Every structure is written in structure tokens, then in C-alpha cells.
Amino acid sequence: MKEILVVKCGGSILARLGTAFFQSLRGLQQDYQLVVVHGGGPEIDELLQLRGIPVEKKNGLRVTSAEVLEAVQMSLCGLVNKQLTAKLKQHGMPAFGMAGCDGDLLLARQLDEELGFVGEVVSVNAGLLHSLIGKGLVPVIAPVGIDEAGQLYNINGDTAAGAVASALGAKQLLFVTDVPGVLQDGKMIETADKALLDSLIEQEVITGGMIPKVQAAVASLQGDVERVVIVDGLRGFIQDGCMQGTAVTKGVNV
Ligand SMILES: Nc1ncnc2c1ncn2[C@@H]1O[C@H](COP(=O)(O)OP(=O)(O)O)[C@@H](O)[C@H]1O
Ligand SMILES: CC(=O)N[C@@H](CCC(=O)OP(=O)(O)O)C(=O)O
């Protein structure tokens, strides 16, 4: 059986993913069984703006009231999930779109009262994903979780992808975003470990949506995941067989 590779497609890039990206993904599909998790922050922002609801974030996480949660469901579980499922099919990858709340895929609980209906993942229904994978499908997951009482939660896409990768015993996790990797003074950092990333957050070199991304990368490396790479979805991200981006490593930083 092929090794599983979890790919998180950031909302920053979803609308602009083109042939170069899908060709890279198709190439990976030869060697790996793909599982896709997506975000959709800009799409949520747009809907909130249309509805006159202010956008509020803390450390890259959206403060989620009941009315914000409704917009999250509409954007992520509806538009974004189905658009990505369709694009994968257009590029020859049979996809099965669903949300984390379907079949207890992402069981969740409230992360922090101050953030409202923002969830953290308690467990992942790995069996459900394995059965889809076994049928040759690429699961495409919207990061909306649910608790045992049936309450929905907005989960950061990066965090959800890390939890899915860990639960599936995936060795590799790929974050596809709109920058070439973690940048410092305009230059891409090739490898970074927890100590370096923590200090870059402290120095406010890493801000906004890059914070949950690097934190999810570091957290997933504590389990079975061996390799996390942050890559640019605007380009083909594999050159000469190598991933182009920032590799987040377990080891001591060089
Ligand atoms: N040090 C950094 N290096 C690269 N990007 C950074 C950094 N600090 C903040 N960012 C921001 O993080 C963004 C990526 O996070 P986010 O917008 O949440 O992406 P996505 O939607 O792909 O998950 C970049 O577009 C950039 O504006
Ligand atoms: C709790 C939280 O912040 N959830 C995210 C979910 C979408 C997401 O993660 O989108 P990106 O990939 O574009 O960052 C949000 O509401 O924006």
C-alpha cells in the first residue's frame, strides 16, 4: 500500500491554484495516497463582509460567534469544499469532499472560551478515511468539527491537517500556501526547527496565519510525521524531484 501524504491547501491560494500545482499533485499521486485538507479564510472574510459582520482574529485564529460559524459552514463546507473537489476531478484525481463534522471525522471541543466556537481536534475517524482511500478516492476535508452533543466548531485548517496526518500515521505533511515558505528579511528559510520558529514568532517575524501553520507543523512532528514542508501553491512546488519550500524539522536547527 502507498504511503499517505496529507496536503493542506491554504485559503490564501485556493482561488489561484493552477495547472502547475495540480501537475505537482498528480506527480505525487503516483507515489502517495493523498488526503487533502483545505482552509478558506479569505472566502469566509468575503462572506462576512457581505453580511456586514466584522472579522476578528487572535494569533491567526478567527473569533467565531454563532453568526460567524454560519458563514464558516457556508464557505468551507459548501463553496470551497466543492470547488476543490471539482478541480481535483478536472485534473484526473477522483475526490470525495466532506466536512470534519460528517461521520465524526473530526471530533472536536472548544479551544478557548475567548474564541467562541473555535474547536480543537479530540479525535479523527481514521477508519472512515482509510475506507475512502481503499476505494481509490482522495478525501477532501473542510475543517469544521463536531462534538458529541452535535455542536459544530470552526477549526483552523493547519491544525486540522496536522491532526489528520498524525491520526493516519502519515510520514509527510505538506502545507500549500501563497508564499515560498517561512520568510525572514524577504528570504526563504530552508529548514527550521521549533526553537527557531518560536524565536521568529517572538520577534514578530512570523505573524498572522503563519503562526498556526508552523505550530501545527511542530506539533505533528511530535508523532509519526517525519517531514513537514511549507510550499508555494503558485508554482510547481517540486523541482528535480525535490520539494521547494521550508522544511520544518525535529532536529537542532543549523
Ligand atoms: N515570516 C513569514 N513568512 C511567510 N509568510 C508569513 C510570515 N509571517 C506572516 N506570514 C503571512 O502568512 C501568510 C500565510 O498564512 P495564511 O494567510 O493563513 O495562509 P493559508 O491561507 O495559505 O493558510 C502569508 O501570506 C504571509 O502574509
Ligand atoms: C479557527 C480558524 O481560524 N479557522 C479558520 C478556518 C479556515 C482556514 O484555516 O483557512 P486558511 O487556510 O485560509 O488559513 C478561519 O476561520 O479562517
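- Looking up the protein chain in an unreviewed UniProt entry gives the name Acetylglutamate kinase, with the organism given as Ectobacillus ponti.
- Here is the UniProt Subcellular location (unreviewed entry) comment for the protein chain, exactly as written: "Cytoplasm".

Here we look at the sheet that holds strand S11 (residues 172–177)
Next, step 1: Reading across from one edge, S5-S8-S2-S1-S11-S15-S18-S14 is the order of the 8 strands in this open sheet, with mixed pairing throughout. Looking at which strands have only one partner, the edges of the open sheet turn out to be strand S5 (95–99) and strand S14 (191–192).
Next, step 2: Bridging between S14 and strand S18 (residues 245–248) involves 2 bridges; their strand directions are parallel. In the strand pairing of S18, Thr-191 is matched with Ala-247.
Next, step 3: Helix H5 (residues 126–134) rests against strand S1 (3–9), strand S2 (32–38), S5 and strand S8 (138–142) of the sheet, and its axis sits at about 140° to S8.

Considerations on the packing of H5 against helix H6 (residues 157–168)
Next, step 1: Closest axis-to-axis distance for the H5/H6 pair is 10 Å, and the angle between their directions is 80°. Between H5 and H6, the angle is such that the two are roughly perpendicular. Side by side, H5 and H6 meet where Ala-126, Leu-129 and His-130 of the first sit next to Val-164, Ala-167 and Leu-168 of the second.
Next, step 2: Grouping the constituent residues of the contact of H5 with H6 by class yields 5 nonpolar, 1 polar and no charged.

Looking at helix H2 (residues 19–31)
Next, step 1: End to end, H2 covers 19 Å across 13 residues, agreeing with the expected 18 Å (1.5 Å per residue, within 8%).
Next, step 2: Where H2 is concerned, the buried positions are Phe-21, Phe-22, Ser-24, Leu-25, Leu-28 and Gln-29. Across the axial projection of H2, the buried residues extend over an arc of 155°, all falling on one side. Across H2 from its buried face, at more than 90 degrees, point the exposed residues Gln-23, Gln-30 and Asp-31.

Structural notes on the environment of Lys-213
Next, step 1: With respect to the helices and strands, the residue Lys-213 is situated in helix H8 (residues 210–220).
Next, step 2: Judged by its relative accessible area of 6%, Lys-213 falls in the buried class.
Next, step 3: For Lys-213 and Thr-177, which are 36 residues apart along the polypeptide, the C-alpha to C-alpha distance reads 9.7 Å.
Next, step 4: Filtering out sequence-adjacent residues up to four positions away, Lys-213 remains in contact with Lys-8, Asp-158, Phe-175, Thr-177 and Ile-230.

Some remarks on the packing of H6 against H8
Next, step 1: The contact between H6 and H8 brings their axes to 8 Å, and the two run at 15°. Comparing the axis directions of H6 and H8 gives the class roughly parallel. In this structure, H6 crosses over H8, and the sense of that crossing is right-handed. Of H8, the residues touching H6 (which contributes Asp-158, Thr-159, Gly-162 and Ser-166) are Pro-212, Lys-213, Ala-216 and Ser-220.

Some words on the confidence of the model for the protein chain
Next, step 1: The pLDDT averaged across the protein chain works out to 95; a share of 98% of its residues lies at or above 70.
Next, step 2: Reported confidence for the predicted complex is 0.98 by ipTM and 0.96 by pTM.

Quick word on the side chain of Ser-75
Next, step 1: Tracing the sequence through the fold places Ser-75 in helix H4 (residues 66–90).
Next, step 2: Separated by 2.9 Å, the side chain of Ser-75 and the backbone oxygen of Ala-71 make a polar contact.
Next, step 3: With near-sequence residues (within four places) excluded, Ser-75 lies in contact with Glu-43, Ile-44, Leu-47, Val-80 and Asn-81.

Remarks on the UniProt feature "domain: Aspartate/glutamate/uridylate kinase" (unreviewed entry) in the protein chain
Next, step 1: Within this structure's numbering, the places UniProt gives as "domain: Aspartate/glutamate/uridylate kinase" (unreviewed entry) are residues 4–232.
Next, step 2: Structurally, residues 4–232 comprises 41% helix and 27% strand, and the distance from its first C-alpha atom to its last is 21 Å.

Quick look at the pattern of salt bridges
Next, step 1: The final tally for this structure, using the stated rule, is 8 salt bridges.
Next, step 2: Salt-bridge contacts for Asp-158 lead to Lys-8; the nearest nitrogen and oxygen are separated by 2.9 Å. With Asp-158 in helix H6 and Lys-8 in strand S1, this residue pair connects regions lying 150 residues apart in the sequence.
Next, step 3: Residue class for Lys-8 comes out buried when judged on its relative accessible area of 5%.
Next, step 4: The closest approach of N and O atoms between Lys-194 and Asp-198, which form a salt bridge, is 2.7 Å. With Lys-194 and Asp-198 both in helix H7 (residues 194–202) and 4 residues apart, the pair spans about one turn of that helix.
Next, step 5: Judged by its relative accessible area of 41%, Lys-194 is partly exposed.
Next, step 6: A cluster of three or more residues bridged by salt bridges with shared partners is formed by Lys-8, Asp-158 and Lys-213.

Rules used throughout
- Residues numbered from 1 in each chain as written.
- Chains lettered and ligands numbered in written order.
- Predicted model: local features only at pLDDT ≥ 70, side-chain atom pairs only at ≥ 80, totals over all residues.
- Heavy atoms only, no water.
- UniProt positions renumbered as here; feature names shortened; annotations may be inferred.
- Pairing = 2+ DSSP bridges.
- Helix = DSSP H or I, 4+ residues; strand = E, 2+ residues; numbered from the N terminus.
- Contact = heavy atoms within 4.5 Å.
- Axes fitted to C-alpha atoms, helices over the stretch in contact; angles between N-to-C directions.
- Parallel < 35°, antiparallel > 145°, perpendicular 65-115°, else oblique.
- Nonpolar A, V, L, I, M, F, W, Y, C, P; charged D, E, K, R; others polar.
- Expected span 1.5 Å × (residues − 1).
- Buried < 20%, exposed > 50% of the residue type's maximum accessible area, 1.4 Å probe, protein only.
- Arc of directions from axis to C-beta.
- Left-handed = near helix turned anticlockwise from the far one by under 90°.
- pLDDT = per-residue confidence, 0-100.
- Polar contact = N/O pair within 3.5 Å; in protein donor to acceptor, adjacent residues only side chain to side chain.
- Salt bridge = Lys/Arg side-chain N within 4 Å of Asp/Glu carboxyl O.

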